[in-house]
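A look at the structure
Read off the chains here:
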Amino acid sequence: MKINLANIKKAQKLLNKRECVAIPTETVYGLAANAYSDTACKKIYKLKRRPKNNPLIVHYLNNQILKNDCNFNNDFIKLYKKFCPGPITFILDLKKNSRISKIVTNKKNTLAVRFPKHPITRNLLKNINFPLAAPSANVSSKISAVSSDDVRDDFGKKVKYVLEGGKSSIGLESTIIDIREKPKILRLGGLEISVIEKILNKKITINNNPQKISSPGQFKLHYSPGIPIRLNVKKINKKEAYLSIKKLKESKPNFYFLSKNGNLKEAAKNLYSTLRKIKKDKYKSIAVSKIPNKGLGKTINDRLKRASKF
Ligand code: AMP
Ligand code: MG
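Residues numbered from 1 in each chain as written. Chains lettered and ligands numbered in written order. Predicted model: local features only at pLDDT ≥ 70, side-chain atom pairs only at ≥ 80, totals over all residues. Heavy atoms only, no water.

**Observations regarding the side chain of Ser224**
Its location among the elements puts Ser224 in the loop between strand E9 (205-206) and strand E10 (229-230). For Ser224, a relative accessible area of 2% corresponds to the buried category. A distance of 3.0 Å separates a polar side-chain atom of Ser224 from the backbone nitrogen of Gly226. (Helix = DSSP H or I, 4+ residues; strand = E, 2+ residues; numbered from the N terminus. Buried < 20%, exposed > 50% of the residue type's maximum accessible area, 1.4 Å probe, protein only. Polar contact = N/O pair within 3.5 Å; in protein donor to acceptor, adjacent residues only side chain to side chain.)

Spelled out as structure tokens, the structure:
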């Protein structure tokens, strides 16, 4: 995709004025604001109708700039070198003199940080002198946005500007890892756990304990298209939309697939847009066939499971 400098300038101007702007990333679109400004960050919560106790991920151009706000350790540096910029978010300790707004962290002494890969957002980050707090650009608890149209469908004119960046290439949120002590995955995401384990050369635990939620992306109802979803379905009901991982031999108007040949990366990329399409096509419920529970299939199943708690 071509980089349109005038568009980036427009986003930059609004962000400098403490406004919210939707930005493209390789995972999903984000609703961004100056992470050093309380005024700017409050606008994100208001627009998204996001509970105040759900902290935001802050997006940086690189780890040199992050040094102002967070402490690093060896595991962080290993993963940063291998996967950043990319779809991984780190929970790190905040420095005492960090300028990050307390609205972002909900007064925690930790910060979720990510280095987005999308060239347009990287260019934007180069041209501003603050990091960007940016949760997914969707109304709280609903499906994330993977295109500028998705953002406009959710927010209409309430978002002052949507920076165009095409369809998100990964299409699932980042993998969140708490890297401060023994590494723990807090949210499955666009980067597979097995590749993270390989780099760290240690087993990583997944924190799925609902009693001890520290990342609301783990909440049960999340990523919801707003209609009921049934999982692992073998027999569909007449009026349901039927969603399968690959294209079936038989084709019917209510049949949808995530990838022609069942490729998990492609399926991940198409998951949210297909759920949105089914909703737009006015189906009242969705039946999903079994999705292989390996690699990115684990993240797809995680999202579908949470979306099904309607
Ligand atoms: P999203 O709103 O889709 O960008 O998701 C951001 C996720 O990061 C949410 O699940 C947050 O709860 C999580 N998060 C942000 N900051 C922290 C933090 N300091 N500790 C743990 N999780 C966090
Ligand atoms: Mg979200």
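**Describing the nonpolar core**
Counting 65 residues, the largest nonpolar core has Phe90 and Ile196 as its most contacted members. Residue contributions to this core peak at 5 residues, all from helix H2 (residues 38-48). If near-sequence neighbours (up to four positions away) are discounted, Phe90 is found in contact with Phe76, Leu79, Tyr80, Cys84, Leu111, Ala112, Val113, Phe115, Ile177 and Ile179. Core analysis: the next-biggest nonpolar cluster, separate from the first, contains 27 residues, Tyr256, Leu258, Leu275 and Leu296 among them. (Core = buried A, V, L, I, M, F, W, Y, C linked by side-chain atoms within 4.5 Å. Contact = heavy atoms within 4.5 Å.)

**Observations regarding the packing of helix H4 (residues 74-83) against helix H8 (residues 193-200)**
Geometrically, a packed helix pair is captured by the angle between its two axes and the distance between the axes. Contact pair H4 / H8: the axes reach a minimum separation of 10 Å and the direction vectors enclose 120°. Classified by the angle between their axes, H4 and H8 sit oblique to one another. The handedness of the crossing between H4 and H8 is right-handed. Of H8, the residues touching H4 (which contributes Asp75, Lys78, Leu79, Lys82 and Phe83) are Val195, Ile196, Ile199 and Leu200. The class makeup of the residues in the contact of H4 with H8 is 6 nonpolar, no polar and 3 charged. (Axes fitted to C-alpha atoms, helices over the stretch in contact; angles between N-to-C directions. Parallel < 35°, antiparallel > 145°, perpendicular 65-115°, else oblique. Left-handed = near helix turned anticlockwise from the far one by under 90°. Nonpolar A, V, L, I, M, F, W, Y, C, P; charged D, E, K, R; others polar.)

**Looking at the pattern of salt bridges**
Taken as a whole and assessed by the stated rule, the structure comprises 17 salt bridges. Between Arg114 and Glu26 there is a salt bridge whose closest N-O contact spans 2.8 Å. You can see Arg114 sitting in strand E5 (residues 110-114) and its partner Glu26 sitting in the loop between strand E1 (21-23) and strand E2 (30-34), a full 88 residues away along the chain. The exposure class of Glu26 is buried, given its relative accessible area of 5%. Measuring nitrogen to oxygen at the nearest pair gives 3.0 Å for the salt bridge that ties Arg303 to Glu173. Here the residue Arg303 occupies a position in helix H10 (residues 296-307), and Glu173 occupies one in the loop between helix H7 (148-155) and strand E7 (175-178), the gap between them amounting to 130 residues. (Salt bridge = Lys/Arg side-chain N within 4 Å of Asp/Glu carboxyl O.)

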